[in-house]
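A structural walkthrough
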Amino acid sequence: MQVRRIREVGMERGSGLRTSRRDLLLGGLCLCCLPRAGFAAEAAGVQEIQPGVFVRRGLDVDAAPGNADAIANIGFVIGKDAVLVTDSGGSLADGKWLRDQIRQKTDRPIRHVVLSHVHPDHSFGACAFVDDRPDFIGHARLKPALEARGAFYKDKLSEVLGAGNVGPVVMPTREIGPEGGEVDLGDRKFAFQAHRTAHTDCDLSMMDLSSGLLFPADLLFVKRVPSLDGSLLGWLKELDGLEALGAKTIVPGHGPVTVDQKAFGDLRRYLTVLRDQTRKAIKDGKSIDEAIQTVGASEKDNWALFSDYNSRNATQAYKELEWE
């Protein structure tokens, strides 16, 4: 149903940015494809959080002219034999910037580029790495998600950043299923987990088996309000599994470049509030339009961009929980 709504919005609103933010939100489009004021994150550069592991902190804004959609935490790992890109960035321009950062650090081959999920801020930089001929690693459900949404995302992002800054949509060449998978960089191995529907229906996380460093991508938002584009109940379940890994150092999809286990608590609190208040609204006979006015409001002061995303999250939660 969500894929159908996305396509309908794309066909009905062919005039581009005249599409209302509310229409796009309700159509399933992450707001990272809409314009907001912001500044380039590249000036901050990358931080070496562990030997050979570099991360760029994304901006707590949405895509806007001049910021290259550089709003997600992205980076790379330099191994003895090869380089792994932890997430590719939000545009061709962002991906090129990241590739340049890699080349400033090493001339080792870039053999693996992770596409943690379908949202453009994490996956649309992949086109900058095509000439390296890496494995583009994604969830087994990522390709159908990109086929359904990719062209629409690309069109909207091109209107914001300019077509020259947004390259072709890149599909995964290596798919990770329920059995998981591994990558060996010569001196360190990464294990991948394909999650059940949570933040999206194609979330992929990875862990460095030598250090225990965890990359949950957007299964963990810190300080920036989460974006629910999959299943609220599923996300809470996946958090259980991620916390059980016991990682001491975690690189969230948004927020500080590293956090510890306590960061899961803030996200769990928000999702739990969303669940419990939505259930109460349904029990009290409130309509979806009434519910989104109040559900989650108690969390307003805890998250950046709350007013842009919470009503959509409440809408998604209501639709999921209405018939449970």
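Please refer to the structure placed before this passage.
Residues numbered from 1 in each chain as written. Predicted model: local features only at pLDDT ≥ 70, side-chain atom pairs only at ≥ 80, totals over all residues. Heavy atoms only, no water.

1. Focus: the side chain of Ser-116
Of note, Ser-116 is situated in the loop between strand S5 (110-115) and helix H4 (120-123). One polar contact links Ser-116 to Asp-87, side chain to side chain, over a distance of 2.7 Å. Contact partners of Ser-116, with chain neighbours within four places excluded, come to Asp-87, His-122, Cys-202, Asp-203, Leu-204 and Ala-217. (Helix = DSSP H or I, 4+ residues; strand = E, 2+ residues; numbered from the N terminus. Polar contact = N/O pair within 3.5 Å; in protein donor to acceptor, adjacent residues only side chain to side chain. Contact = heavy atoms within 4.5 Å.)

2. Describing unusual backbone geometry
Unusually for a residue other than glycine, Ala-68 sits at a positive phi of about 60 degrees. Take Ala-68: it is sitting in the loop between strand S2 (53-56) and strand S3 (74-78). In the Ramachandran plot, Leu-305 falls in the positive-phi region, its phi being about 65 degrees despite a non-glycine side chain. Looking at the secondary structure, you find Leu-305 in the loop between helix H8 (288-291) and helix H9 (306-321). A residue is classified by how much of its surface remains accessible, and Leu-305, at 13% relative accessible area, is buried. (Buried < 20%, exposed > 50% of the residue type's maximum accessible area, 1.4 Å probe, protein only.)

3. Thoughts on the sheet that holds strand S9 (residues 189-194)
The strand order across the open sheet formed by five strands is S8-S9-S10-S11-S12, and the pairing between neighbours is mixed. This sheet does not close on itself; its edge strands, each paired only once, are strand S8 (181-184) and strand S12 (250-254). Strand after strand, the sheet turns through a mean of 30 degrees between neighbouring axes, direction not considered. Two strands pair when backbone bridges link them, and S9 and strand S10 (residues 204-208) are joined in this way by five bridges, in the antiparallel orientation. In the strand pairing of S10, Ala-194 is matched with Leu-204. On the sheet, helix H7 (residues 262-283) packs against strand S11 (214-221) and S12 and is oriented at approximately 25 degrees with respect to S11. (Pairing = 2+ DSSP bridges. Axes fitted to C-alpha atoms, helices over the stretch in contact; angles between N-to-C directions.)

4. Quick notes on the pairing of strand S1 (residues 47-50)
Two elements, S1 and S2, share three bridges in a ladder whose sense is antiparallel. The residue bridging Gln-47 from the neighbouring strand is Val-55, located in S2. Where S1 folds back on S2, the antiparallel hairpin that results is connected by two residues, among which Gly-52 adopts a positive phi of roughly 80 degrees.

5. Some details on the nonpolar core
Counting 35 residues, the largest nonpolar core has Leu-220, Trp-235, Leu-271 and Leu-274 as its most contacted members. Within the residue set of this core, elements represented by two or more residues are S11, helix H6 (232-244), H7 and H9. Contacts of Trp-235, omitting those with residues within four sequence positions, involve Thr-197, Ala-198, His-199, Asp-218, Leu-219, Phe-221, Pro-226, Ser-227, Leu-228, Leu-267 and Leu-271. (Core = buried A, V, L, I, M, F, W, Y, C linked by side-chain atoms within 4.5 Å.)

6. Some remarks on the environment of Gly-186
Within the secondary structure layout, Gly-186 lies in the loop between S8 and S9. When its relative accessible area of 32% is taken as the criterion, Gly-186 is described as partly exposed. Each C-alpha atom, one on Gly-186 and one on Lys-80, is 5.1 Å from the other, the two residues being 106 residues apart in sequence. The contact partners of Gly-186, leaving out residues within four places of it in the chain, are Lys-80 and Asp-81.

In short, geometric facts, not functional conclusions.
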